[in-house]
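# Fold and contact review
Spelled out from the first residue to the last, the chains are:
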Amino acid sequence: MHDLAEGVARFRQDVFPAKAGLFARLATEHRPHTLFIGCSDARVVPELILGCEPGELFVVRTAGNLVPAHAPGTDGVAASIEYAVAVLGVSRIVVCGHSACGAMTALAEGHDLAAAPAVAEWLRHADAASARAAGDGDGDGDGGTSVLVRENVHAQLANLATHPSVARALARNTVTLHGWVFDIATGRVTDVHSDLHSDVHSDVHSDAFADA
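Note that this is a predicted model, so its numbers are computed, not measured. (Residues numbered from 1 in each chain as written. Predicted model: local features only at pLDDT ≥ 70, side-chain atom pairs only at ≥ 80, totals over all residues. Heavy atoms only, no water.)

### Concerning the overall build of the protein chain
Selection rule: Helix and strand definitions here come from DSSP, where helices need a minimum of 4 consecutive H or I residues and strands a minimum of 2 consecutive E residues; each element is numbered from the N-terminal end. Relative accessibility under 20% of the residue-type maximum defines a buried residue, over 50% an exposed one, and the middle range a partly exposed one, all with a 1.4 Å probe and only protein chains included. Contacts are assigned to residue pairs that have any heavy atoms within 4.5 Å of one another. Computed with the Shrake-Rupley method and a 1.4 Å probe, the accessible areas treat only the protein chains shown as cover for residues.
For the protein chain, the count of helices and strands is nine helices and six strands. Counting all 212 residues of the protein chain, 37% fall into the buried class. Put simply, of all contacts in the protein chain between residues at least 6 apart along the chain, 65% involve residues at least 24 apart. Carbon and sulfur atoms make up 56% of the accessible area of the protein chain, which amounts to about 11,600 Å² in all.

### Here's the deal with the pairing of strand β1 (residues 34–39)
For a regular strand, side chains alternate in direction, first toward one face of the sheet and then toward the other. Under the convention used in this document: Strands were regarded as paired on the criterion that DSSP finds at least two bridges between them.
In terms of burial, β1 is a largely internal element, six of the six residues being buried. Pairing of β1 with strand β2 (residues 57–62) involves six bridges; the strand directions are parallel. Bridging from a neighbouring strand, Ile37 pairs with Val60 of β2. Relative to strand β3 (residues 92–98), β1 is paired through five bridges, and the arrangement is parallel.

### Description of the pattern of salt bridges
The cut-off we apply is this: A pairing counts as a salt bridge when a side-chain nitrogen of Lys or Arg comes within 4 Å of a carboxyl oxygen of Asp or Glu.
The tally for this structure, following the rule as stated, stands at six salt bridges. Two residues, Arg31 and Glu29, come together in a salt bridge whose shortest N-O distance is 3.3 Å. A single network of salt bridges, built from pairs that share partners, joins Arg25, Glu29 and Arg31.

### Notes on the nonpolar core
Convention followed: Among the buried residues, those of types Ala, Val, Leu, Ile, Met, Phe, Trp, Tyr and Cys that are joined through side-chain atoms within 4.5 Å form a nonpolar core.
With 35 residues, the main nonpolar core has Leu35, Ile37, Ile81, Ile93, Met104 and Leu160 as its most contacted residues. If you tally residues by element for this core, the top one is helix α8 (residues 145–160), at seven residues.

### Remarks on the packing of aromatic side chains
For any pair of aromatic rings, the description consists of the separation of the ring centres together with the inter-plane angle of the planes. Operational definition: Within 6.5 Å between ring centres, the rings of Phe, Tyr and Trp (the latter by its six-membered ring) count as paired, and their orientation is classed by plane angle as stacked under 30 degrees, edge-to-face over 60, tilted in between. Placement of a charge over a ring requires the Lys NZ or Arg CZ to be within 6 Å of the ring centre, with the centre-to-atom vector within 35 degrees of the ring normal.
For the structure on display, the rule yields four aromatic pairs. Above the plane of the ring of Phe16 lies Arg12, whose end atom (NZ or CZ) is 5.1 Å from the centre.

### Regarding the state of the cysteines
A covalent bond bridging the sulfur atoms of two cysteines is what the word disulfide describes. Quick reminder of the rule: The disulfide criterion used throughout: a pair of cysteine sulfur atoms within 2.5 Å.
As enumerated under the stated definition, the model contains zero disulfides in all. The thiol of Cys101 is unpaired, and the distance to the nearest cysteine sulfur, on Cys39, comes to 4.2 Å. Taking the relative accessible area as the measure of exposure, Cys101 reaches 1% and is therefore buried.

### Description of the environment of Glu47
Take Glu47: it is sitting in helix α3 (residues 46–50). Sequence separation between Glu47 and Val59 is 12 residues, and the spatial gap between their C-alpha atoms is 9.2 Å. Apart from residues lying up to four places away in sequence, Glu47 is in contact with Cys52, Leu57 and Val59.

### Overview of helix α4 (residues 76–87)
Each turn of an α-helix holds 3.6 residues, which means side chains three or four residues apart point in the same direction. Defined as follows: Multiplying 1.5 Å by the helix residue count minus one yields the expected span of that helix. To obtain the arc, one takes the directions from the helix axis to the C-beta atoms.
For α4, with 12 residues, the first-to-last C-alpha span of 15 Å sits near the 16 Å given by 1.5 Å per residue. Turning to α4, its buried residues number three or more, namely Val77, Ala78, Ile81, Ala84 and Val85. For α4, the arc enclosing every buried residue in end-on projection is 135°, short of the 170-degree limit, so these residues lie on one face. Exposed and oriented more than 90 degrees from the buried face of α4 are Gly76, Ala86 and Val87. Buried residues along α4 sit in contact with β1, β2, β3, α6 (117–122), α8 and α9 (164–171).

Next comes the structure, spelled out in structure tokens:
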């Protein structure tokens, strides 16, 4: 805990004073423009990747950036999505996968998850992605993990659209959906949602959030 305490001290001494005005405003205002659904992986830091300030992103992080399809009952992911869309009124939702994803690697390589039954059950939300990847003839050098990462983004976007708050916002054209993959080694972010039936993926434009 000593290093974490030092981090808090550095924040209070070096970071907070320079942004005191921002935090004063945020103390009474919460209006993020984007819901970012990413992986829990510690190497994927949404605010760093997007260059966003505190208060701009509403972030949901799950293992494998999985979004369970809407179902009866409540869960934390569904509640967060509904709050971001129906209450906060975000105008964009990004589902972002990433290279070397442990969850997708486990599925692509058929890892034995007997010792992690909760993880195994959670990864069933990627069944559609696994099926799509199995039918994709585009093999690669990492055992198909990168194909599965990409297909998983598509599958989770489809799941996302089953949530009533998202479906209503899409029908009203008040929200847009974006599917991205972040490459850890290069820092490159590619758009995999612009054409769901194409293997050609365009780089995300640097001005993608310019009108936020």
